[in-house]
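Secondary and tertiary structure notes
Each chain, written out:
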Amino acid sequence: MADQIPLYPVRSSAAAAHRKRAAYYSAAGPGSGAEWPSSRYQLEDESAHLDEMPLMMSEEGFENDESDYHTLPRARTARRRRGLERFVCGGWKLLCTSCCDWLVNICQRKRELKARTVWLGCPEKCEEKHPRNSIKNQKYNIFTFIPGGFVLAVTIMREAIDEFRRFQRDKEVNSQLYSKLTVRGKVQVKSSDIQVGDLIIVEKNQRIPSDMVFLRTSEKAGSCFIRTDQLDGETDWKLKVAVSCTQRLPALGDLFSISAYVYAQKPQLDIHSFEGTFTREDSDPPIHESLSIENTLWANTIVASGTVIGVVIYTGKETRSVMNTSNPKNKVGLLDLELNQLTKALFVALVALSVVMVTLQGFVGPWYRSLFRFLLLFSYIIPISLRVNLDMGKAAYGWMIMKDESIPGTVVRTSTIPEELGRLVYLLTDKTGTLTQNEMVFKRLHLGTVSYGADTMDEIQGHLRNPCPQMQSQAGGNNASSTPPRKAQSSAPKVRKSVSSRVHEAVKAIALCHNVSPVYESRAGVGGEAEYAEADQDFSDGNRTYQAASPDEVALVQWTESVGLTLVSRDLGSVQLRTPSGQIQTYCILQMFPFTSESKRMGVIVRDESTAEITFYMKGADVAMSSIVQYNDWLEEECGNMAREGLRTLVVAKRALTEEQYQDFESRYSQAKLSIHDRALKVAAVVESLERQMELLCLTGVEDRLQADVRPTLELLRNAGIKIWMLTGDKLETATCIAKSSHLVSRTQDIHIFRPVTNRGEAHLELNAFRRKHDCALVISGDSLEVCLKYYEHELAELACQCPAVVCCRCSPTQKARIAKLLQHHTGKRTCAVGDGGNDVSMIQAADCGIGIEGKEGRQASLAADFSVTQFRHIGRLLMVHGRSSYKRSAALGQFVMHRGLIISTMQAVFSSVFYFASVPLYQGFLMVGYATIYTMFPVFSLVLDQDVKPETAMLYPELYKDLTKGRSLSFKTFLVWVLISIYQGGILMYGALLLFESEFVHVLAISFTALILTELLMVALTIRTWHWLMAVAEVLSLGCYVASLAFLNEYFDVAFITTVTFVWKVSAITMVSCLPLYVLKYLKRKLSPPSYTKLTS
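To keep things clear, this report deals only with the structure shown in the data block. Small disclaimer: the values here were computed from a predicted structure and weren't measured.

When helices and strands are tallied, the protein shows 41 helices and 33 strands. Within the protein, counting contacts between residues at least 6 apart in sequence, those at least 24 apart form 73% of the total. Of the roughly 53,300 Å² of accessible surface on the protein, 57% is carried by carbon and sulfur atoms.

The 9 strands are arranged β17-β16-β26-β25-β24-β23-β22-β21-β20 in an open sheet whose pairing can be described as antiparallel. The outermost strands of the open sheet, each flanked by one partner alone, are β17 (451–452) and β20 (566–570). Taken together, the 6 bridges between strand β22 (residues 584–593) and strand β23 (residues 601–608) define a ladder with antiparallel strand orientation. Paired with I589 across the two strands is V606, which belongs to β23. Most of the contacts of helix α24 (residues 732–741) go to strand β26 (residues 695–706), to which it runs at about 30°, and overall it touches β16 (436–446), β25 (647–657) and β26.

As a further point, take the sheet that holds strand β3 (residues 185–190). The sheet built from 6 strands is open, its strands ordered β3-β2-β4-β13-β5-β11 with antiparallel pairing. Lying at the two open borders of the sheet, with one neighbouring strand each, are β3 and β11 (296–297). In terms of strand pairing, strand β4 (residues 199–202) meets strand β13 (residues 308–314) through 4 bridges, oriented antiparallel. Counted as the bridge partner of I200 is G310 from β13.

Here we come to unusual backbone geometry. Residue P285 is bonded to the preceding D284 through a cis peptide linkage, with omega at 0°. Of note, the phi angle at A612 is positive, near 65°, even though the residue is not glycine. With respect to the element layout, A612 can be found in the loop between β23 and β24 (614–620). The phi dihedral of H743 falls on the positive side, at around 65°, and the residue is not glycine. Along the chain, the position of H743 falls in the loop between α24 and β28 (751–753).

Per the counting criterion, the structure on display carries 30 salt bridges. Among the salt bridges present, the one from K816 reaches D840, with a minimum N-O distance of 2.9 Å. In this pair, K816 sits in helix α28 (residues 813–827) while D840 sits in the loop between β31 (830–835) and α29 (841–846), placing the two residues 24 residues apart along the sequence. By relative accessible area, D840 is classed as buried at 0%. D848 is paired through a salt bridge with R830; the nearest N and O atoms lie 3.6 Å apart. Note that D848 is positioned in the loop between α29 and β32 (849–853) and R830 in strand β31, a separation of 18 residues in sequence. Members of the salt-bridge network, linked through shared partners, are D336, R387, D391, K394 and E419.

In the case of a regular strand, side chains alternate between the two sheet surfaces. Covered by surrounding structure in strand β18 (residues 517–520) are S517 and V519 together with P518 and Y520, the residues of both alternating faces. Both β18 and strand β19 (residues 544–547) contribute to a ladder of 4 bridges, which runs antiparallel. Of the residues in β19, the one forming a bridge with Y520 is R544.

Thresholds, definitions, all that
- Residues numbered from 1 in each chain as written.
- Predicted model: local features only at pLDDT ≥ 70, side-chain atom pairs only at ≥ 80, totals over all residues.
- Heavy atoms only, no water.
- Helix = DSSP H or I, 4+ residues; strand = E, 2+ residues; numbered from the N terminus.
- Contact = heavy atoms within 4.5 Å.
- Areas by Shrake-Rupley, 256 points an atom, 1.4 Å probe, with all protein chains shown as cover.
- Pairing = 2+ DSSP bridges.
- Axes fitted to C-alpha atoms, helices over the stretch in contact; angles between N-to-C directions.
- Salt bridge = Lys/Arg side-chain N within 4 Å of Asp/Glu carboxyl O.
- Buried < 20%, exposed > 50% of the residue type's maximum accessible area, 1.4 Å probe, protein only.

Okay, structure coming up:
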């Protein structure tokens, strides 16, 4: 009974169809013709793979797939018994399929990345093979360039030249020589020949060739600076620390007298983390040291101080820099896609016309030969030279952009998409360094009860200068016993004294809690630590510069210097400060906790050498610090106030530690750092045990100034109909404030701040609340954006695209790229991304058009972008002037090249029709070659110099840009107009020549071809809107070339006839009939329906 219940609708329908088909073929009769379809169907059914069946099912089918797997084998059992033939065929097919799958798996199998043990100076001890340490940036191999003919010669040549340049750059990098330390001493080795386990010496200002663990340096303190701008886009120097065990060895050669190895985690993408251990086996007991990011030297960074020795741990494609290099997509412009669609339409027209001609011929004889002959005769309908002309035009546009004196320093890195600049609807921009200068200026210090601004900084100087000795002793007493002073501070008589004390503590905390290092430039020849030793006696302020990983840090230290507390020296173990009275205070650095994007805070534990007090200082974002500091009623409010002023805020706190507390922490911290598994979590847990009930010292506010002319540029883009989205990693308040101050959002405009959502229900409610708002800017955080994209991607995109401006804060680089793809997918409009740092590269590469700004964060975004500018304000002219010109010119050029092919194909069609649909060519040999090259090429290409409005007008009236985004310059409507023009002119030229010729057919060729050349030259003149002297030269030169060549074309023309007056008047009459009506129509259209820009220019 159960077997009769139809539980499997998907399979039963297939079985029913099979029964119908079998019944049909069996009813056809017993002949072979009736049996063949049935057997074929069964063989096809036999070859179906069970594993593929669920892919073709509905959701119900997926639910029932288990039953399908039970029923199908039973249904097939009977069929498999039907003969040895099917068994052999099935077995052979199975064998072939298995072999193919095995080969594919072998070819596509990726080598598994594993952790490794690296013996110092002994690469031969490595148990497995590692990749060669050579760089390969080439996109193609030699076989890529074998195919391709004359049509793509220009494109292939350009790509080949670019590829050869990449090959030369790679060869130059791979051939750089480095010193390799061996048992026999130093030997020179090429970068590409470096192996895992080699000991490599890198000099100052030299590129690090591979990922290494830092073993030793010439600097006395055991540390060095490196520049990482080509790795992470940051221009500030990073401090790296040598492994202490190898740094303590007396001489370089001693590295080979010890038995030691490095355990390194498997290669991974993250450039900001590393876990490993260094082990020395020949000591008693064995020495184990934990290795972290500060002990590494990544490839493509530059040594900025001293000489370093490292052991190679990753090479070639396993290095961090190569693993973080994604292959950017090949960007294709919208105009190219539109031209491709029109070319497809022309191909259909070519086939249709050829079929019509063969049909009218009556399918006489071998008609398929005639069909192919007609396909060849009418092949000029397909614009073969279109790609060459467009590529040359794009190169010309790029040259004009780079030569524009109004936007100096602009570089075109992708020459294939200049027209995209004229079709943009969405502009995605970074904030820091793009809209702002990334130049930080200290503006505000808030202590809870008192706030100091730019006009009251002298009061802080007074506090630091006057009670300095007393406050130092008092601070020492406070730290020694932390509880009594807190009680004392709450008493009324000591409030004034407390303010002075708190100013001292706040400024001292800011001067100590950072990763800034002072560098004395004038003494660059001396080792860095020697500079500091000499500088103990005489710190020369004029020679000092500060280096840090963040400009915020430098701004804070420069401010403490301006109020009197100067950072004069810093190394791995100590910090020296100079007070306003000239006294040097020395602090021993016990632990450093660097800033990370996850923790959003950094800390330092120091010991005052004069009082032996231990203090833990910490600073960070308010969201991270508010739960760490003691309860207060002012922090949240003041953070909001500063953010509304556009200031970047940092909360500073401290905690006094006893010697016992620190020793307990230090032992737990060292143990956590040595663990191999979950090291980061264990270290964070130990540090968090200190971050409790910290004393809130102050709140700082730093201003990031806007770039020059940001406001008028954003207003210009907004008036051009471009919607601007600001994507930033900054906090919501700061991002909102910058959006207002930069006029991205007008001050009268409503702002809807999307509340934080964590699940589908909250996202649903918040989207409904946002739907009720009209014409307001949207501000949303990265976390809320992620939730909405997960559940309501389409709804969010629809609502956000209606907003005049959108601000996304706390955005990660991958989220920025995802937003660019979201807009492309949901709107189909063209997007442009603008950024200046390494964190903007993903967004720049994902957008249809990427613009990089050379800023303080390095050149990584600039190098990855399609266009590179030096200032944000240059984007206005780049889009309004060059984007407009490139699009308009390419549209005119593309359509004219199509017209040039269509008109001669129309003449061929008329000629064949008149002569009984004969597949005979009208023009042969040099005439066809000359027509597409020397006779018409220069005037047609001179259209790349045309312009409809002056640059000044385009900048003055950005509203003109809105018309470009509608794509009216190149559409099926304009294409059909050009097709009609081609048919009209081709018909007039051919029929006119046939009507007017008298005696010999050769006169038809002379009259029609000459009229054709003149018509093309006049049509170029008709199309031009603004004449350039080169256009006139091209017209005259082409006409002169044709007239001069007539003397040599006696093979095609009757030279005696073309010198007669009869020839001249016939050609003139035909040309006038073909062109004059078009001139009249153009004049009437301009009078009756002029384009919008003519009203402005007049």
